[in-house]
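Architecture and fold: a report
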Amino acid sequence: MKQKSSVKERILDTASRLFYHQGFNSTGINQIIAEADIAIGSLYKHYESKSDLLYHYLEQQETEYFANLNDYLKDEKQPLKKLLKLIDYRIKLQEESNFSGCHFIKINAEIGREDKKIEQFVLAHKERQREYINVLIDEISTEKTLLIEKNALQNSIFLMIEGAVVSAGINGNTNDLKAVKKSINQFF
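Summary of the structure given here.

What counts and how
- Residues numbered from 1 in each chain as written.
- Predicted model: local features only at pLDDT ≥ 70, side-chain atom pairs only at ≥ 80, totals over all residues.
- Heavy atoms only, no water.
- Helix = DSSP H or I, 4+ residues; strand = E, 2+ residues; numbered from the N terminus.
- Buried < 20%, exposed > 50% of the residue type's maximum accessible area, 1.4 Å probe, protein only.
- Polar contact = N/O pair within 3.5 Å; in protein donor to acceptor, adjacent residues only side chain to side chain.
- Contact = heavy atoms within 4.5 Å.
- Core = buried A, V, L, I, M, F, W, Y, C linked by side-chain atoms within 4.5 Å.
- Domains from an automatic or database assignment.

Let us look at the side chain of T14. On the secondary structure map, T14 appears in helix 1 (residues 7-22). Look at T14 and you get buried, because its relative accessible area is 7%. Among the polar contacts made by the side chain of T14, one reaches the main-chain carbonyl oxygen of R10 at a distance of 2.7 Å. If near-sequence neighbours (up to four positions away) are discounted, T14 is found in contact with I32, E35 and A36.

Following this line, the structure appears as structure tokens:
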């Protein structure tokens, strides 16, 4: 028997779905309340504001992203294969979401620098993704001779992946993410 989710979970799950698929600015509090099937007081009992709800949405997405990434990569020991599999993970995410893009890139495009707390969270998340790649490149560089300077390579790979995720959302396919994998193989 499936356990009934708490009101707080229903609010966050509903807001997450709506924020991701129709956008933060296009999602109203009344729509969240109606689709979560809650009273307005319940929403404000758990979340101070729509921005507070957005922050918790991003926290949830970050936790899920890295937990699922670590699980996806847990059996791979070779750093180069792990880096390539990281791109496979991003391909998987895009395919499963029907090419809906990155939660964080989308929110940044909508909110920009209007909300400093959200801006800082998005920046920190992207920096954490960058650092994940940097660690893998550091590990690869101990095994292989790099053809270009390590910091430039780390930055290039991060930017190629991020750009390919944006492209997946625009083009509705993962062709550019697959091209990034081919490019990475040429670096080593």
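Turning our eyes to something else, we now look at the nonpolar core. With 51 residues, the main nonpolar core has L53, L54, L58 and I161 as its most contacted residues. Here the element with the most residues in this core is helix 4 (residues 50-73); it accounts for nine residues. There are two domains that each give this core at least three residues, and those are domain 1 (1-47) and domain 2 (55-185). Contacts of I161, omitting those with residues within four sequence positions, involve L86, I87, R90, I133, L177 and V180.

Excluding glycine, residues mostly have negative phi values, and the peptide bonds linking residues are mostly trans. Unlike most non-glycine residues, D37 shows phi in positive territory, near 60 degrees. Residue placement: D37 occurs in the loop between helix 2 (29-36) and helix 3 (40-46). Here D37 falls in the exposed class, since its relative accessible area comes to 63%. Even without glycine at this site, F99 takes up a positive phi of about 60 degrees. With respect to the helices and strands, F99 occurs in the loop between helix 5 (79-96) and helix 6 (103-111).

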